[in-house]
Amino acid sequence: MSDPTASAPRVRFAPSPTGFLHVGSARTFIFNWLYARHNHGTMVFRLDDTDVERNTDASVQSIFEGLSWLGLDWDESYKQSERLDLHRAAAWQIFERGLAYRDFTPARADAGDDQSSAQGAWLFNPGVREISRQESDRRAAAGEPFALRYRVPRGEGRIVRFDDAVYGEMAKPGDEIEDFALLRSDDNPTYHLSSCFDDADLRITQIIRGQDHLTNTFKHVLIFEGLAAEPPRFAHLPLLVAPDGAKLSKRKHGPVVSVTTYRDAGFLPEAFINFLCLLGWSPKNDLEFMPIAHLTELFTLEGVNRSNAVVNFSEESPFDPKAVHLNGEHLRGLAVEDLSARLQPFFDKAGLNASPEKLREVTPLIRERIKLMGEGPAAADFFFAEELAPYDPVELIPAKGADAAMTLRVLKHAAEVLDDADFHHDALEHALREAAADLGLKAGPMFQPIRVAVCGRKNAPPLFETMAVLGRDVCLKRIRQAAAKLQPLA
């Protein structure tokens, strides 16, 4: 095989479909994508779907859903399960070179990838490792089951080495590496063999993956040697961990580590990408807010840290505060038309009758008030409701400077003024400030009752823009309803 490092950069993302798309896997994909695009290389997607007992169609769908939401593409795609014959042939090539042997030990023949026995792990069994080729062929021809194992070089001070772009030079004595399986007794290739063969065959030049694969890499260096292939360069990424330091786990932490959880809550994909990039990587200039184009320009492996990165979620808040903050920043950077279109599905799901035209009017009023798109419907539901949700009429009365009787006068006078006012921001502000002067009031005691009347809450978008969007008929109807609510208290 040719030297992969002599060609243009080629990287790969190779998920196993055994669950939803994990945020750590998403970060691995993003870092590979950024490396490829920064260096004008090739991004390869490879589905490592050879574990038939654990793979599920739902997991495959989750991976593609998550990647589709991220909006980052790839240049080539492969399914490992369609390449099994190539993997088997490669294993037997290694065998013919004298670098693998048949292991007829029953417990080991049935094992998968270098699993330990009940008595503990062992490195190799000299009794089967040293069987002659003639005896090995005879027993195999007789139908005796076996696994095919790599003959790890032992003794003579053999050290397996590789240089990692993040963790530096790595070395391990061959005497400490077990004779790992290449083929199981059912003739199915192991993960190690399939992964390395495909990396060599697809001319992958850089393997960028999680730090949990670091120890596997010593075995992979040997497999590349057995394939007579130059190993790719390696870069292992620090792990994502929970606040207590535990590795983020699908089993332990559940939906909080699923990409689709962020999507469904209303994160922008570009904000989510921005956040994940800051987990274990830094541009070294203290920047945090970075659009994808800027990330692509800045990304290098030299910026990857060795320390694990903490995702600060809690039972009360499933999302890291930094992620939420960055999402708010990205939301505010979108054009109104773009943000409105992205908000539309959340309003539809909430059952609000929000036409695209009306939502475009509302979007500028709530953009500063939300950090997740999923918060949009709650912030703006009163714009689309036929009737406001019930509220306590006491909310209409300002905390200082007024009572129920005065507040009732405010509402009635506001209805009179608004009946023929021009329903635009400046005109509404002018009319209501004059109305306050007519009643001898400051702006606050005049505006609060109107705000609660038309919105059903004290905390709402700017009053005059809100009233302009609601329109005269809706505002007058709600102000008169509010006056009726308040009448018994006056």
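To be clear, the structure that these remarks concern was listed above.
To start, this report covers the structure provided alongside it. This structure is a prediction, so every number in the text was calculated from the model and none was measured.

Attention now goes to the side chain of threonine 296. Checked against the element boundaries, threonine 296 lands in helix α12 (residues 292–298). Not counting the four nearest positions on each side in its chain, threonine 296 is found in contact with Trp33, Leu34, Arg37 and His38.

With 14 residues, helix α18 (residues 425–438) should cover 20 Å at 1.5 Å per step; its first-to-last C-alpha distance of 20 Å lies within 8% of that length. Where α18 is concerned, the buried positions are Leu428, Ala431, Leu432, Ala435 and Ala436. Down the axis of α18, the sector holding all buried residues measures 140°, keeping them to one side. Pointing more than 90 degrees away from the buried face of α18 are the exposed residues Asp426, His430 and Ala437. The inward-facing, buried residues of α18 contact α17 (404–418), α19 (443–455) and α20 (463–470). Phi for glycine 440, located one or two positions after α18, is positive at around 70°.

Within the secondary structure, glutamate 429 is located in helix α18. A C-alpha to C-alpha distance of 64 Å links glutamate 429 and threonine 205, two positions 224 residues apart in sequence.

Here we come to the sheet that holds strand β5 (residues 147–150). What the three strands build is an open sheet, ordered β4-β5-β8; its pairing is antiparallel. At either margin of the open sheet sits one strand with a lone partner, and together these are β4 (100–103) and β8 (181–183). Each strand axis lies, on average, 40° off the axis of its neighbour in the sheet, ignoring direction. Strand direction decides the pairing type here: β5 and β8, joined by two bridges, are antiparallel. Bridge pairing links leucine 148 to leucine 183 in β8.

On to the layout of surface pockets. Roughly 1,200 Å³ of volume is contained in the largest pocket. Ala14, Pro15, Ser16, Thr18 and His213 are the residues nearest the centre of the largest pocket, which is lined by 44 residues in total. At five residues, the largest contribution of residues to the lining of the largest pocket is made by helix α1 (residues 23–38). A class-by-class count of the residues in the lining of the largest pocket yields 14 nonpolar, 16 polar and 14 charged. Looking at the second largest pocket, its volume works out to about 270 Å³. Every residue lining the second largest pocket is counted, 17 residues in all, and those nearest its centre are Asp163, Ala165, Gln206, Arg233 and Phe234. Grouping the amino acids of the lining of the second largest pocket by side-chain chemistry returns nine nonpolar, four polar and four charged.

Parameters at a glance
Residues numbered from 1 in each chain as written. Predicted model: local features only at pLDDT ≥ 70, side-chain atom pairs only at ≥ 80, totals over all residues. Heavy atoms only, no water. Helix = DSSP H or I, 4+ residues; strand = E, 2+ residues; numbered from the N terminus. Contact = heavy atoms within 4.5 Å. Expected span 1.5 Å × (residues − 1). Buried < 20%, exposed > 50% of the residue type's maximum accessible area, 1.4 Å probe, protein only. Arc of directions from axis to C-beta. Pairing = 2+ DSSP bridges. Axes fitted to C-alpha atoms, helices over the stretch in contact; angles between N-to-C directions. 1 Å grid on protein atoms, 1.4 Å probe; cavity = no way out; pocket = protein on both sides within 12 Å on 5 of 7 lines; lining within 4 Å. Points joined across faces, edges and corners; volume = space filled by probe spheres on them. Nonpolar A, V, L, I, M, F, W, Y, C, P; charged D, E, K, R; others polar.

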